[in-house]
Amino acid sequence: METVQNYINGQLSESHSERLAPVFNPATGEQIRQVVLSSVAETAEAIAIADQAFTAWAKTSPLKRARVMFKFKALLEENMEKLATLISQEHGKVYSDAVGEVTRGLEVVEFACGIPHLQKGEHSANVGTGVDSHSLMQPLGVCAGITPFNFPAMVPMWMFPIALATGNTFVLKPSEKDPSLALVMAELLKEAGLPDGVFNVVNGDKEAVDVLLTDPRVQAVSFVGSTPIAEYIYSTASAHGKRCQALGGAKNHCLLMPDADLDMAANAIMGAAYGAAGERCMALSVAVVVGDETGDKLIDKLTKHISAMRVGPGVVEGSENDMGPVISAQHKDKICDYIGSGVEQGASLVVDGRSLSVAGHEQGYFVGPTLFDNVSPEMTIYKEEIFGPVLSVVRVPDYQTGLDLINRHEYGNGTAVFTRDGETARQFSEDVLAGMVGVNVPIPVPMAFHSFGGWKRSVFGPLNVHGNDGVRFYTRMKTVTSRWPTSVRLEQHASSFVMPTMD
Ligand code: NAD
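Here the residue numbers are simple positions, counted from 1 along each chain's written sequence. The predicted origin of the model limits local features to residues at a pLDDT of at least 70 and limits the giving and counting of side-chain atom pairs to 80 or more, whereas totals for whole chains, interfaces and linings rest on all residues.

Here we look at the domain arrangement of the protein chain
And then number 1: We note that the domain assignment places domain 1 (3-248 + 458-480) and domain 2 (252-439) within the protein chain.
And then number 2: Look at where the C-alpha atoms of domain 1 and domain 2 centre, and you get two points 31 Å apart.
And then number 3: With 20 residues of domain 1 at the interface, the matching set in domain 2 holds 24 residues.
And then number 4: Strands here are runs of E lasting at least two residues and helices are runs of H or I lasting at least four, both read from the DSSP assignment and numbered beginning at the N terminus. Contributions of two or more residues to the side of domain 1 that touches domain 2 are made by helix 3 (80-91) and helix 4 (95-112).
And then number 5: Among the elements that line the side of domain 1 that touches domain 2, the one with the most residues is helix 4, at four residues.
And then number 6: Here the term charged refers only to Asp, Glu, Lys and Arg, the term nonpolar to Ala, Val, Leu, Ile, Met, Phe, Trp, Tyr, Cys and Pro, and the term polar to all other amino acids, Gly among them. Of the residues belonging to the side of domain 1 that touches domain 2, the class tally is eight nonpolar, nine polar and three charged. Domain ranges listed in this record stem from an automatic or a database domain assignment. The contact rule is simple: place each C-beta atom from the backbone, and if two of them lie within 7 Å, those residues are in contact.

What follows is the structure, encoded as structure tokens:
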């Protein structure tokens, strides 16, 4: 059985931990690998290596650091098939969706290629007579990333390209459920010319995480995962004096107005609710529909679309499936329990995905697309994040009731409004309490040059990931105020006849 190890100081590093966790192929239910659960000492060793590598990497010019990112981007493109196949194998999502995930991560690498420009700081001449001021955006030191199972390539790439490009070193603790991607990315970074020790991977669980949260050499922690863990990470890392951004769970609502293009909205809601089996933090899990007539029409359209959906393994010969399995047997049981609770609490189960069996993959962790109508805010399926292919339709009489409902939910990651009316869209964008808003766009994930992050209990910490917030998170500002004696300009310099270049 292949064992997924750590990657420390530019090479695979065999763990001596006796604790291991199984890695499954969710489409077959078979164990395909095992992953090491690193000890306190092994995690501390990775931090020590990253700490030693920091001084030289921080002094490397931003241009050279950017060139590593350019090469890394090219290698990601060359290795796309390998990366996407591995994601699909360990996570279960369909191949084209895995390609989309790598592409969204790669876009952050492209953003990081612009770091010489992004890290320039500010300058003011003559803040006083003969006195100038400029700011330096300096790297922090060792940064840690702790990432979830649902985007094993993209979420780490929300973090490390910007952390590395700005001159930090990094220790990544990937999800133990699909850990292999991190090691492939570590090898590609080395091939791209990243010096040893600058990027390290420690596989593990809470034992390794707690070291990253408390070791004084770690300066900043980026986390993406569920809300209870995000809150724990934020409070522990902050209590140990670290900068922390911790992104948590979600329950994303859309508001469907009666004037919307219903065919377009139904198609958009399908992809956003059931894509990646609903295991996206931006998945649309609640459709708030204004008016019973709109509700009836939507349910009718969704039911027809669901009956045409192909559910099966992520990588297949010929035409691709629309949706793969969920991550684990336990998670499948949890989703099925949620569906049961919806029925018990009085929601109308329009399509039940619990009994789905995929021929030839009977042991796979498949749950079919599930649709509830007449869901109300007291129900567990409304309140909690299910993180599976379950869509709840809530009917409301008017726009304001729908908006108030969305604003009262404890999560505020993403949301969307479907309407043809510009004023409604504008008002919704202004008044809704969520970090990312789509207008006729079901999954409004900001591009790499904007920043990603929710509101309310979907996030802990002030700075979002990637975009300008990402650069600010991984740098600290130093402001230099200088006055120079006039004699300096009287000095003689030798002439140079070579075209000047900066490195
Ligand atoms: P999770 O919280 O179970 O795990 C995330 C990471 O935390 C993993 O690396 C895991 O090993 C570690 N971890 C788990 N328990 C821990 C503990 N007790 N102490 C320390 N570390 C611990 O999340 P998951 O199931 O891997 O991912 C799904 C969740 O992530 C969903 O809630 C989803 O909404 C959320 N998510 C959020 C975003 C976002 O941008 N807001 C993006 C992707 C996923």
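Brief notes about the sheet that holds strand 4 (residues 20-25)
And then number 1: Taken in spatial order, the three strands of this open sheet run 1-5-4, and their pairing is mixed. With partners counted over all chains shown, the strands left at the sheet margins are strand 1 (3-4) and strand 4, one partner each.
And then number 2: Looking at chain direction, strand 1 and strand 5 (residues 30-36) are connected through two bridges and run parallel. From the neighbouring strand, valine 4 faces strand 5, where its bridge partner is valine 35. Two strands qualify as a pair provided that DSSP identifies no fewer than 2 bridges between them.

Quick look at unusual backbone geometry
And then number 1: Unlike most non-glycine residues, asparagine 126 shows phi in positive territory, near 55 degrees.
And then number 2: Whether a residue is buried, exposed or partly exposed follows from its count of other C-beta atoms within 10 Å of its own C-beta, namely 20 or more, 12 or fewer, or something in between, respectively; the C-beta atoms are built from the backbone. A tally of 9 C-beta atoms within 10 Å means that asparagine 126 is categorised as exposed.
And then number 3: Notably, asparagine 440 is not glycine yet its phi reads approximately 55 degrees, a positive angle.
And then number 4: With respect to the secondary-structure elements, asparagine 440 resides in the loop between strand 20 (436-439) and strand 21 (455-456).

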